[in-house]
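Spelled out from the first residue to the last, the chains are:
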Amino acid sequence: NASGFDGVYTYFGHSAIIGADGRTLGECGTEDNGIQYAQLSLSGIRDARANDQSQNQLFKLTHRGYTGVYANGDGEKGVAECPFEFYNTWVTNPLEAQKMAEAVTRKTIGVKCCPVAGIPEPREEQES
C-alpha cells in the first residue's frame, strides 16, 4: 500500500492492510512516498481458510450457495461449477475473454482523458 506519487499514479493515502480477522495490520497516512508493509502469517492464513466463516472467499467461491443447497436437501457442499460465462471463457480462451472485455470497456491501454507518461494515447479510429 502506498501514499504520494510514484511517478505514474497518485495515491491519496489512508490505504490499509487488513488481516483476515479484521484487524488493521498497517495504514498509510497522507504523507508523500508513504509505503506500508505487513508480514503475513502462513499458518494464520491457513487457519482462517480452515475455520473462518464470513470472509472465507476461497471456500465460498468453490461452494456457491452451500447454505441454501444444504437447507433444501439438494446436496452437502453447494455448487462447484462456476456460473459465470466470462470467467469460464477467461480460463479456457484468454484472448476471447480479452475481446469480450474490450467490447464493454475500451480497446487501448491508454485513454485520452487521463494520459500516462509512456502509455500511448488512443487514435480517433481506436476509440470507437
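Scroll up for the structure.
Every value quoted in this text rests on a predicted model; they were computed, and no experiment measured them. Going along each chain's sequence as written, the residues are numbered from 1 onward. Per-residue local features are limited, in this predicted model, to residues with pLDDT of at least 70; the limit for side-chain atom pairs, both in listing and counting, is 80 or more; totals at the level of whole chains, interfaces and linings are taken over all residues. Side-chain calculation: all heavy atoms of the structure are included, whereas hydrogens and water are not.

What follows covers the overall build of the chain. Strands here are runs of E lasting at least two residues and helices are runs of H or I lasting at least four, both read from the DSSP assignment and numbered beginning at the N terminus. The secondary structure content of the chain amounts to 6 helices and 5 strands. Each helix and strand of the chain, placed in order from N terminus to C terminus, yields the pattern β-β-β-β-β-α-α-α-α-α-α. Overall, the C-alpha framework of the chain stretches about 55 × 40 × 20 Å when taken along its three principal axes. Partly exposed describes any residue whose relative accessible area lies between the buried limit of under 20% and the exposed limit of over 50%, with all areas from a 1.4 Å probe on protein chains only and scaled to the type maximum. In the chain, buried positions account for 13% of the 128 residues. Working rule for contacts: check all heavy atoms of both residues, and any pair within 4.5 Å makes them a contact. In the chain, the proportion of contacts linking residues at least 24 apart, taken out of those at least 6 apart, comes to 19%. Per-residue and other accessible areas follow the Shrake-Rupley method at a 1.4 Å probe size, with only the shown protein chains counted as cover for residues. Summing over all exposed atoms, the chain offers an accessible surface of approximately 10,300 Å²; the carbon and sulfur share of this is 55%. On the chain, the mean spot of the 11 positive side-chain charges and the mean spot of the 17 negative ones are 4 Å from each other. In this tally, Lys and Arg are treated as positive and Asp and Glu as negative; His is ignored, and so are the chain termini. Think of each charge as sitting on NZ of Lys, CZ of Arg, CG of Asp or CD of Glu.

It is worth spelling out the environment of Glu121 at this point. Here Glu121 shows up in the loop between helix H5 (94-104) and helix H6 (124-127). Through-space distance from the C-alpha of Glu121 to that of His14 is 31 Å; in sequence the pair is 107 residues apart.

Following the sequence through the fold, Gly44 ends up in helix H1 (residues 42-51). Along the sequence, Gly44 and Ala20 sit 24 residues apart, while their C-alpha atoms lie 8.3 Å from each other.

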